[in-house]
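Notes for the structure review
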Amino acid sequence: MQIKIPYSWLMAILVALVLLLFAISISIGHVWLNPLDALWSGAGSISAADHLILTEIRLPRAVLGLIIGAALGLSGATLQGLLRNPLAEPGLLGISASASLGAVLAIYTGLSAAFAYALPISALLGALVAVVLLRALAGKSADILTIILSGVALTSLAGALTSLTLNMSSNPFAALEIVFWMLGSLADRSWVHVGMALPFILLGSVLLLATARALDALSLGQDVARSMGVNLNRTNLLAIFGTALSVGAATAVSGAIGFVGLVVPHLLRPLVGNRPSHLLPASALGGAAFLLLADIAVRFVFPDKDLKLGVITALVGAPFFFWLLHNVKKRTQL
Amino acid sequence: MLPDWGVANQPKAPQRVVSMNLCTDQLALLVAAPGQLISVSYLAAEASSSLMAKEAAQLHTNRGLAEQIIRLQPDLVLAGQYTSRASVNLLRRLGVNVQTFAPAYRFADISAHLAKIGTLLGQEARANALIAQLDTALAEPNQHTHRSAPVLGSYGANSYTTGQSSLESEVVKAAGFRHLGTELALQGASKLPLEQLIYASPDRLMTWKSWSQYTGRATEILLHPALDRWFPKERRVAVDSRYWMCGTPFTVEAINQLKTQMESHADHAD
Amino acid sequence: MTLTLSQLSAALGKQTVLHDVSIACTKPELIGLIGPNGAGKSTLMRAIAGLQPFSGAMQLNGRPSTAYRADELAKLLAFLPQERIVHWPLIAYDVVMLGRMPHQSGFGKASAHDHEVVKAAMHTMEVASFAERPFDQLSGGEQARLLIARLLAQEPDIIIADEPVNGLDPAHQIGLMRTFQALVAQGKTVITSLHDLSLASYWCDRIIVLKEGQLIADGSPTDVLTAARIRGVYGVETAHLTLPQGSLVVPTDLADRK
């Protein structure tokens, strides 16, 4: 499956798609608002309520959709390149669930109330534990299914511990939150959350993008990559910390959103000639587009139901996963 | 005047009454004779949720699990209609007399619940006295709400507000205001996204005092900058949720407190 | 370009698979590394390529190999493993271009020179005709040649190739040996493991024999590939032909069946 399209065109199309979806995301909600009205004729031309809703509710929501989607897409593509496994993805590997656990611990120990950045930091530590564990496992056995099953176990364990933490809380609403932490949502987030997540996601993305060339070399196996001067330790560290930073911070504000890192790289891989280095930036844009689209869908399909984002991404992602699993099994049996 | 205690000693009256629900806890504490009620839910003993925590703390407290209840050998169990459903069903299968109470949706439900508990406990006289007091308090003027009256809306954890045909709407209207959930024709507890709340723009936003002590995702919405901007201090009313959670004689206090708070706010505005 | 190994030993897990191997390469040569399965050929080549920890000393141009940074080493020395792995169905041209990585700066923008080198390498290995095809749509022999083109594109001074002729048809096997000879003529050193004694005897300048992790012979094909030694190492009988261009050793039967 190869489709010929110049890389620069692909990136331009993806940027345009992200911008379009970003604009729609700002416009859609309880009432359709045209953000251009506000831009064109100044804040005075729209009502104060519209202005407040655009700037303080919809804009941060769209920005979060963009950066969190990009973080998930980029880390999915990096993990796949690093583990040379098309099934690797922060959600499936338990990294998102572990980040959720970290976030919940920060909130319900009161740490995040004392120090706001404790929330993303604790979440990224949760993610870090998961990636390190996984990398250690993958180092011993490169078997794809072993890694996936470890991810399943890790997800269940982190989910159970999250639930336990919420149950232990004196907050009567805590127990109901498990849905948010397991399926994710961007509803009614604010600039506070953007400020909390953005620095970590930016730093994480820089680290992840720095692995690009090494991932290309790794397509030929570890020995060849090393013989071509690739420093595998450095690559591993970049990928581990990059994933922990970006997925940790993203999960801290949005909850765990699965399958973005699986679906997006898979869809884009044939469009970039399967080159991991080209896949990384494309997956960041694709992830942003995918999550913005999912967030538009939750508001468009069931506007009053507060549908969780993870529901949409799983509905799209799970069939992909089964199909990929089937293909991978066929390939490994040969 | 309190009724004669002798009534409780009639052979029919249950002597080991257990309540499993915060609302029936408080009603039973008001109606039962000393010693008649042997256990209430643990929430009844917590000052953050109960208005009778002191009284409840004297009794055994339960967590609504069938095993725990059955060991108390109750001859009557009072439970909420929607709480601990599995436990209630199990208790009934084990032959325990369980009486369930729907949440109070109207003032009339409070009287009905008091009367029902009075009959079940053989304390009709005490129940009737409480009902009479309640009727007097609620019969006071100001029962009609102006069309121009300010709109008051509640907003709580996870962006929930309360719809029409609820005790909250009754209380708000009794205090002389229009009720947001009723104006929007919402049903029951309803999720109201922040931007919808801003569009609806009630004159006053009512939040629950006790919830501000909790940190967490669910209550984070109450700290949203847009909420602060649209509903600055002078448009907020923070009320004590203990008076609003259950339909009890204390509901009268909810009305009075709301009136007082709104008046003092109005004074500030002048 | 000089490469010297002194008393090089290496272990896989707890088992020592190379014992005190010393080799000196002081002039451009095509060196055939032979020996039965498990003799330590792959381990020796991985050690030379810097992929296998070892004890003893290895010097490149008189400087300890450990003193080179990985990217410096990659410009001097290229490695072709036995397994022909490409994890993603990369485009053939992109696979060969990966060989230019050690010569490119951080972002890996290919220069006009890089493209020239890649095209030349693809031409040499006769893979230019399917430059735009994805790797998984190539035959086994085509994949093997493509990966050798990647090796050539790295333009190293020393080439380490582990059984590169596996899966190639006779014409391409001979073509590869000729390519190696041409590289030697350009001043490069090629070390390649081979199972085919005819190819080794006919094309190599020098033969190194390993058995059970020990170097048991090192010299010209005629000196090393004697019938007695081959019988001792492989347990096979051989026929020896002398041709104008060199000698040819052909295995005939198992030694004990005679």
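The paragraphs below set out a description of the structure included in this document. (Residues numbered from 1 in each chain as written. Chains lettered and ligands numbered in written order. Predicted model: local features only at pLDDT ≥ 70, side-chain atom pairs only at ≥ 80, totals over all residues. Heavy atoms only, no water.)

1. Focus on the overall build of chain C
A count of helices and strands for chain C gives 9 helices and 12 strands. In terms of overall dimensions, chain C is globule-like: its C-alpha atoms have a radius of gyration of 19 Å, near the 18 Å expected for 258 residues. Across its three principal directions, the C-alpha atoms of chain C cover 60 × 40 × 35 Å. For chain C, with 258 residues in total, the buried portion stands at 52%. Long-range pairs, those at least 24 residues apart, make up 62% of the contacts in chain C with a sequence separation of at least 6. Mean positive and mean negative side-chain charge positions of chain C (22 and 25 charges, respectively) differ by 2 Å. (Helix = DSSP H or I, 4+ residues; strand = E, 2+ residues; numbered from the N terminus. Rg over C-alpha atoms; globule rule 2.2 N^0.38 Å. Buried < 20%, exposed > 50% of the residue type's maximum accessible area, 1.4 Å probe, protein only. Contact = heavy atoms within 4.5 Å. Lys, Arg positive; Asp, Glu negative; His and termini not counted. Charge placed at Lys NZ, Arg CZ, Asp CG, Glu CD.)

2. Quick word on the sheet that holds strand 1 (residues 3-12) of chain C
Residues and elements named next belong to chain C. Judged by pairing direction, the sheet is antiparallel, and its 4 strands sit side by side in the order 2-1-4-5 without closing on themselves. Edge positions in the open sheet fall to strand 2 (15-25) and strand 5 (63-64), since each of these has one partner strand only. Two strands pair when backbone bridges link them, and strand 1 and strand 4 (residues 55-60) are joined in this way by 5 bridges, in the antiparallel orientation. For Leu-5, the partnering residue across the bridge sits in strand 4 and is Met-58. Against the sheet, helix 1 (residues 41-48) engages strand 1, strand 2 and strand 4, with an angle of about 120° to strand 1. (Pairing = 2+ DSSP bridges. Axes fitted to C-alpha atoms, helices over the stretch in contact; angles between N-to-C directions.)

3. Points about the pairing of strand 2 (residues 37-41) of chain B
All names here are of chain B. When you tally the buried positions in strand 2, you get 5 out of 5 residues, the bulk of the element. Read as a crossover between parallel neighbours, the route from strand 1 (residues 17-19) over helix 1 (residues 22-31) to strand 2 is right-handed. Two elements, strand 2 and strand 3 (residues 60-62), share 3 bridges in a ladder whose sense is parallel. Note on strand 3: the bridge partner recorded for Ser-39 is His-60. (Right-handed = clockwise from strand over helix to strand, strands pointing away.)

4. Some thoughts on the interface of chain A and chain C
Across the contact, 28 residues belong to chain A and 33 residues belong to chain C. Between chain A and chain C the total buried area reaches about 2,400 Å² when both faces are included, carbon and sulfur atoms providing 61% of it. On the chain A side of the contact with chain C, Arg213(A), Leu220(A) and Met228(A) bury the most area, a combined 28% of that side's loss. One can count 1 salt bridge joining chain A with chain C. The residue Asp223(A) makes a salt bridge to Arg46(C) at a minimum N-O spacing of 2.8 Å. Linking chain A with chain C are 7 residue pairs in polar contact (both at pLDDT 80 or more), by the criterion used here. (Buried area = accessible area lost by both parts, 1.4 Å probe. Salt bridge = Lys/Arg side-chain N within 4 Å of Asp/Glu carboxyl O. Polar contact = N/O pair within 3.5 Å; in protein donor to acceptor, adjacent residues only side chain to side chain.)

5. Describing the pattern of salt bridges
Residues and elements named next belong to chain C. In total, this model carries 20 salt bridges over all chains according to the counting rule given. Between Asp-114 and Arg-100 there is a salt bridge whose closest N-O contact spans 2.9 Å. Of the two residues, Asp-114 is situated in helix 4 (residues 112-124) and Arg-100 in the loop between helix 3 (92-98) and helix 4; the sequence distance between them amounts to 14 residues. Arg-100 matches Asp-114 in its accessibility class, with the two residues each being buried. For the salt bridge of Glu-237 with Arg-231, the shortest nitrogen-to-oxygen distance reads 2.8 Å. A residue is classified by how much of its surface remains accessible, and Glu-237, at 11% relative accessible area, is buried.

6. Notes on the interface of chain B and chain A
In this assembly, 24 residues from chain B lie in contact with 29 residues from chain A. For the chain B and chain A pair, buried surface summed over both sides reaches about 2,400 Å², with 62% attributable to carbon and sulfur atoms. Between Glu195(B) and Arg58(A) there is a salt bridge, and its shortest N-O distance comes to 2.4 Å. Elements represented by at least two residues in the side of chain B that touches chain A include exactly helix 9 (194-200), helix 10 (217-220) and helix 11 (225-230) of chain B. With 5 residues, the single largest contributor to the side of chain B that touches chain A is helix 9 of chain B. Residues of the side of chain B that touches chain A, tallied by class, amount to 13 nonpolar, 6 polar and 5 charged. (Nonpolar A, V, L, I, M, F, W, Y, C, P; charged D, E, K, R; others polar.)

7. A short note on helix 6 (residues 124-138) of chain B
Residue and element names in this part refer to chain B. Taking 1.5 Å per residue, 15 residues should reach 21 Å; helix 6 reaches 21 Å between its end C-alpha atoms and fits that length. Looking at helix 6, one finds that the buried residues are Arg-126, Ala-127, Leu-130, Ile-131, Leu-134 and Leu-138. One side of helix 6 carries all its buried residues, which in axial view fall inside an arc of 135°. Facing away from the buried side of helix 6 by more than 90 degrees, the exposed set consists of Gln-133 and Thr-136. (Expected span 1.5 Å × (residues − 1). Arc of directions from axis to C-beta.)

8. Looking at helix 3 (residues 48-83) of chain A
All names here are of chain A. If you check helix 3, its first and last C-alpha atoms are 51 Å apart, about what 36 residues at 1.5 Å a residue would give, namely 52 Å. In the structure, helix 3 departs most strongly from a straight axis at Leu-54, where the bend amounts to approximately 35°. Judged by how many residues are buried, helix 3 sits mostly within the fold: 31 of 36 residues are covered. Count one or two residues on from helix 3 and you reach Arg-84, which has phi positive near 50°. (Bend = angle between axes of the 7 residues up to and from the residue.)

9. What to know about the nonpolar core
Core analysis: the biggest nonpolar cluster contains 184 residues, and Ile68(A) and Leu146(C) have the highest contact counts within it. Counting residues per element, this core draws most heavily on helix 3 of chain A, at 18 residues. When sequence neighbours within four positions are dropped, the list of residues in contact with Leu146(C) reads Ala92(C), Val95(C), Val96(C), Met122(C), Val127(C), Phe130(C), Phe135(C) and Leu138(C). (Core = buried A, V, L, I, M, F, W, Y, C linked by side-chain atoms within 4.5 Å.)

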